[in-house]
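An overview of the molecular structure
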Amino acid sequence: MPDSQPPQPSPSPRGGRGGDDGQGPGPTDSTTLLLTGARLSDGRTVDVLLGAGRIRAVAPAGSLRAPAPSRVELSGYLLLPAPAEPHAHGDTALTADAEGSVSYTADEVQRRATEAALLQLGHGATAIRSHIRITDAHGLGPMEAVLQARRSLRGLADLTAVAVPRLLTGIAGADGRAMLRDALKMGAAVVGGCPDLDPDPTGFVEAVLELAGEHGCPVDLHTDGDDPGRLARLASLAGGLRAGVTIGPCGGLSRLPLDIASRAADRLAAAGVRVTCLPQGDCAALERRGLRTAPVRLLRAAGVRVAAGSGALRDAGNPVGRGDPLEAAYLLASQGGLRAAEAYHAVSTAAREAMGLPEVRVEAGFPAELLAVRGDRIAAVLSLAYSRIVIHRGRVVARTSAVREYCDSAVAVALDLPRQGRTEPGP
């Protein structure tokens, strides 16, 4: 069961999944949006016609003349597939500055989850997978509140809830198992949890996989990944789950000897287990603070499909967390040894794959989930990703505009220095 299930791209007139047939766009409708003068990552400057939530045509700049109710000028912007956020915590977000104990009333959790999702949407994430704790202390209240936030965000962003129980094994885990079943009946789409914190980690994984198999939903588990034997058992158990298994943040893999970490990565790859790393730092769900992110290059070399998430958004896990996918990509490029395009792939295409979402390309027939960032290359936008325009289901849903000015602007003009923003009105 994917996080959300928009329709798959329809074939192009030439029989492929992308491209234009050279005949121009078909009839427009009330949802038509024309993006003009956008730069693509391959260097082309194009016009892009959107309609009914999909990309209808991509053609050289200035060549699309179809009438459009809306037109957005993207000169100076790089147009990319939108990021997705595969690892958020909407119930605990924005609590770092709380005075006293954190409130988990339905109203407070819904407010936090909604505000956090909107912050992440403003950064470009049009789909968000949020891990929600279900515990004896708060029951299913936080889950119900996040599902309400999901409904209120419809049309702006796709929010999916992951049910995260505390314990699942032994007598103490009986309530957790019952609560997990109830959470799935309520609308949680993914089974999660932290096997590291259960007295029987293998039993925890077995319980999760059994329940996920019954409901046909994916699994997304928190683990530090510092126990190679535990990872091997997880890989052995996870291989048969059709909906897929994701683990993260796996920072502990970086602390293992290279040969042991490599064997663990090989086992994960063979079992088809994905890894979601958190370059901005661990989250509070593990109740520990890791010093390193997962060894992304080692995992990728072994064939593991690696996505990157943001993790904590200004909560106990990271009081200054930004929830910004482009910052995660920046860290993968600046510290993780990935090329800029590879780093962006981890927060966009790979993140969408981890969430079971359709692929997005800036080609005809694909979903209109797009991010325009001021800049001309991926490396440049990861360095200075200030101005952003976010498109979800073919509609502009968020804009961030930044203008940099200097007190002696004549100097900047004389030297023709690059700048954020423009003097003329922009999108």
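See above for the structure.
Just so it is clear, the structure is predicted and the values come from calculations on it, not from any experiment. (Residues numbered from 1 in each chain as written. Predicted model: local features only at pLDDT ≥ 70, side-chain atom pairs only at ≥ 80, totals over all residues. Heavy atoms only, no water.)

1. A closer look at the overall build of the protein chain
Put simply, the rule reads: In this description a helix means any DSSP run of H or I spanning at least four residues, a strand means any run of E spanning at least two, and both kinds are numbered starting from the N terminus. The buried label applies to any residue whose accessible area, calculated with a 1.4 Å probe on protein chains only, is under 20% of its type's maximum; exposed applies above 50%, and partly exposed to all values in between. Pairs of residues are marked as contacts when any of their non-hydrogen atoms sit within 4.5 Å. Accessible surface is estimated by sampling points in the Shrake-Rupley manner with a 1.4 Å probe; for residues, cover comes only from the protein chains shown.
Scanning the protein chain for helices and strands turns up 12 helices and 16 strands. Scored against the burial criterion, the 427 residues of the protein chain give a buried share of 52%. Residue pairs at least 24 apart in sequence account for 74% of intrachain contacts in the protein chain once pairs closer than 6 positions are excluded. Carbon and sulfur atoms make up 50% of the accessible area of the protein chain, which amounts to about 18,200 Å² in all.

2. Here we look at the packing of helix H4 (residues 201–215) against helix H5 (residues 228–238)
Let me state the cut-off plainly: Between N-to-C directions, angles span 0 to 180 degrees; the directions come from axes that are lines fitted to C-alpha atoms, helices contributing only their stretch in contact. We call two directions roughly parallel when the angle between them is under 35 degrees, roughly antiparallel when it is over 145, roughly perpendicular when it lies between 65 and 115, and oblique otherwise. A crossing counts as left-handed when the near helix is turned anticlockwise from the far one by less than a right angle, and as right-handed when that turn is clockwise. Under this grouping Gly is polar, as are all residues other than the nonpolar Ala, Val, Leu, Ile, Met, Phe, Trp, Tyr, Cys and Pro and the charged Asp, Glu, Lys and Arg.
Where H4 contacts H5, the axes come no closer than 10 Å and their chain directions differ by 20 degrees. Looking at the two axes, H4 sits roughly parallel to H5. Here H4 and H5 pass one another in a crossing that is right-handed. In this structure, H4 contributes Pro-201, Thr-202, Val-205, Glu-206 and Leu-209 to the contact, and H5 contributes Arg-230, Arg-233, Leu-234, Leu-237 and Ala-238. Broken down by class, the residue content of the contact of H4 with H5 amounts to 6 nonpolar, 1 polar and 3 charged.

3. A short note on the sheet that holds strand E10 (residues 219–223)
The test is simple: For two strands to pair, DSSP has to find at least two bridges joining them.
Within the open sheet, the 8 strands sit side by side as E6-E7-E8-E9-E10-E11-E12-E13. Their pairing is parallel. The sheet is open, and its two borders are formed by strand E6 (85–88) and strand E13 (306–308), each paired with just one other strand. Within this sheet the neighbouring strands show an average axis-to-axis angle of 25 degrees, counted without direction. As judged from the 3 bridges shared by strand E12 (residues 274–277) and E13, these two strands associate in the parallel manner. Residue Thr-276 lies in a different strand from E13, and its bridge partner there is Ala-307.

4. Some remarks on the packing of helix H1 (residues 106–123) against helix H2 (residues 141–152)
Two measures define how a pair of helices packs: the angle their axes make with one another and the distance between the axes. Where H1 contacts H2, the axes come no closer than 8 Å and their chain directions differ by 45 degrees. Between H1 and H2, the angle is such that the two are oblique. For the element pair H1 and H2, the recorded crossing hand is right-handed. The segment H1 lies against H2, with Ala-106, Val-109, Gln-110, Ala-113 and Thr-114 engaging Pro-142, Ala-145, Val-146, Gln-148, Ala-149 and Ser-152. Across the contact of H1 with H2, the residue classes break down as 7 nonpolar, 4 polar and no charged.

5. A few points about unusual backbone geometry
In this structure, the amide linkage connecting Gly-248 to the following residue, Pro-249, adopts the cis form with an omega of 0 degrees. Positive phi is not limited to glycine here, since Leu-94 has a value of about 65 degrees. Position of Leu-94 among the secondary structure elements: in the loop between E6 and H1. Taking the relative accessible area as the measure of exposure, Leu-94 reaches 17% and is therefore buried. Positive phi, close to 50 degrees, is recorded for Arg-393, a residue that is not glycine. Here Arg-393 is to be found in the loop between strand E15 (388–392) and strand E16 (395–400).

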